[in-house]
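Here's the letter readout for the chains.
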Amino acid sequence: MLPEASVNLVFNLGSSFSSLEGKVIQNGFHSKQNFCFLSGLHTQPIVSVSSSFSYEIAVEMHPIAVQALFGIPCNEFENTVIDGESILSDLDKVEDKLRGPDTFMEKAEWLENYLCAMIHETNELHIAMKMNSAIFKMHSNLLSGLNVDMQDHTGYSRMHNHRLSTQWLGMSPMKYLQLQQFIKSLDDLHFTQRLSADIASSNGFYDQAHFNRIFRKYTDMTPKQYRDKKPELVGQLYAADETLEISLDQRQL
């Protein structure tokens, strides 16, 4: 599983992953035994192996959600997995609901409302959302060859931008911008037949060598190696000799 700009709150409804190599495990968490875990923003490949049928409901969330929902800086969860009991005080109630007889959509609606009710409305949350919008503007400017200085988009000092971005997005503005470049280029590799040099140019990389270096940084492989494997799902690679059956309700709420 290659890096993505999201965090995932996962609820195991059956036997689950027997390992999550590539993630730091906190608080004695065991992915095969625990009903719920939070998989934080990851910037390196994760090797997830399941030995049997697996069924989960996974809520894909923006990195801002870690601070907004749980009051914990997002950067504390980079490449980390933490047990749900550490962040949800009434996990038994959630488990009863998700294991109950309701349809998936009924469970999804309940879970959406449950999580939205947890959001801590603060001035900094709105500032973080403004910063996230600014980074997407920076990405657009980068593709157009324009200035990508965060200070021009937020009006805050470099130090203040860095603190807010690290707290809410998990990394500095420029690193988060680079992650967005990687994700867009990964989509281009997966869904198009464009040449790597063309993908590099259209995503704001200096040249193909720069693109290859950044792609390898996040994936431990070259763009060509990714294309040669061509998985069914973007960024989720499986070895040819593995037998893996996964049923995953991972619809964005």
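As a starting point, this report considers the structure included with it. (Residues numbered from 1 in each chain as written. Predicted model: local features only at pLDDT ≥ 70, side-chain atom pairs only at ≥ 80, totals over all residues. Heavy atoms only, no water.)

Let's talk about the packing of aromatic side chains
- Enumeration according to the criterion identifies 7 aromatic pairs in this entry.
- Between the aromatic rings of Phe-211 and Phe-215, the centroid separation amounts to 5.9 Å while the plane-to-plane angle is 70 degrees, which identifies the pairing as edge-to-face. One end of the pair is Phe-211 and the other is Phe-215, both in helix H9 (residues 208-219) and 4 residues apart, which spans about a single turn. Here Phe-211 matches Phe-215 in class, with each residue buried.
- Aromatic rings pair up to connect Phe-182, Phe-205, Phe-211, Phe-215, Tyr-218 and Tyr-226 into one cluster. (Phe/Tyr/Trp six-rings, centres within 6.5 Å; stacked < 30°, edge-to-face > 60°. Helix = DSSP H or I, 4+ residues; strand = E, 2+ residues; numbered from the N terminus. Buried < 20%, exposed > 50% of the residue type's maximum accessible area, 1.4 Å probe, protein only.)

A short note on the side chain of Thr-43
- Looking at where Thr-43 falls in the secondary structure, it is placed in the loop between strand E4 (36-39) and strand E5 (47-49).
- A polar contact of 2.9 Å, which involves the side chain of Thr-43, links it to the side chain of Glu-78.
- Setting aside anything within four residues of it in sequence, one finds Thr-43 in contact with Pro-3, Glu-78, Asn-79, Met-171, Lys-217 and Tyr-218. (Polar contact = N/O pair within 3.5 Å; in protein donor to acceptor, adjacent residues only side chain to side chain. Contact = heavy atoms within 4.5 Å.)

So, the pattern of salt bridges
- With the rule as written, the count across this model stands at 8 salt bridges.
- Between Asp-188 and Arg-194 there is a salt bridge, with the nearest N and O atoms lying 3.4 Å from each other.
- Between Arg-194 and Asp-198 there is a salt bridge, with the nearest N and O atoms lying 3.0 Å from each other.
- Look at Arg-194 and you get partly exposed, because its relative accessible area is 26%.
- The class of Asp-198 is partly exposed, set by a relative accessible area of 38%.
- Connected through salt bridges with shared partners, the residues Lys-184, Asp-188, Arg-194 and Asp-198 form a single ionic network. (Salt bridge = Lys/Arg side-chain N within 4 Å of Asp/Glu carboxyl O.)

A word on the pairing of strand E7 (residues 80-83)
- With burial as the criterion, each face of E7 is covered, one bearing Thr-80 and Ile-82 and the other bearing Val-81 and Asp-83.
- In this structure, E4 lies alongside E7, joined through 3 bridges in antiparallel fashion. Of the residues in E7, the one forming a bridge with Leu-38 is Ile-82. (Pairing = 2+ DSSP bridges.)

Structural notes on unusual backbone geometry
- Unlike most non-glycine residues, Asn-79 shows phi in positive territory, near 55 degrees.
- Relative to the assigned elements, Asn-79 resides in the loop between helix H1 (64-70) and E7.
- For Asn-79, a relative accessible area of 10% translates into the label buried.
- For Asp-220, which is not glycine, the phi torsion reads 60 degrees and is therefore positive.
- Relative to the assigned elements, Asp-220 resides in the loop between H9 and helix H10 (223-229).
- Using a relative accessible area of 57% as the deciding quantity, one classes Asp-220 as exposed.

Worth remembering: the numbers are spatial, not functional.
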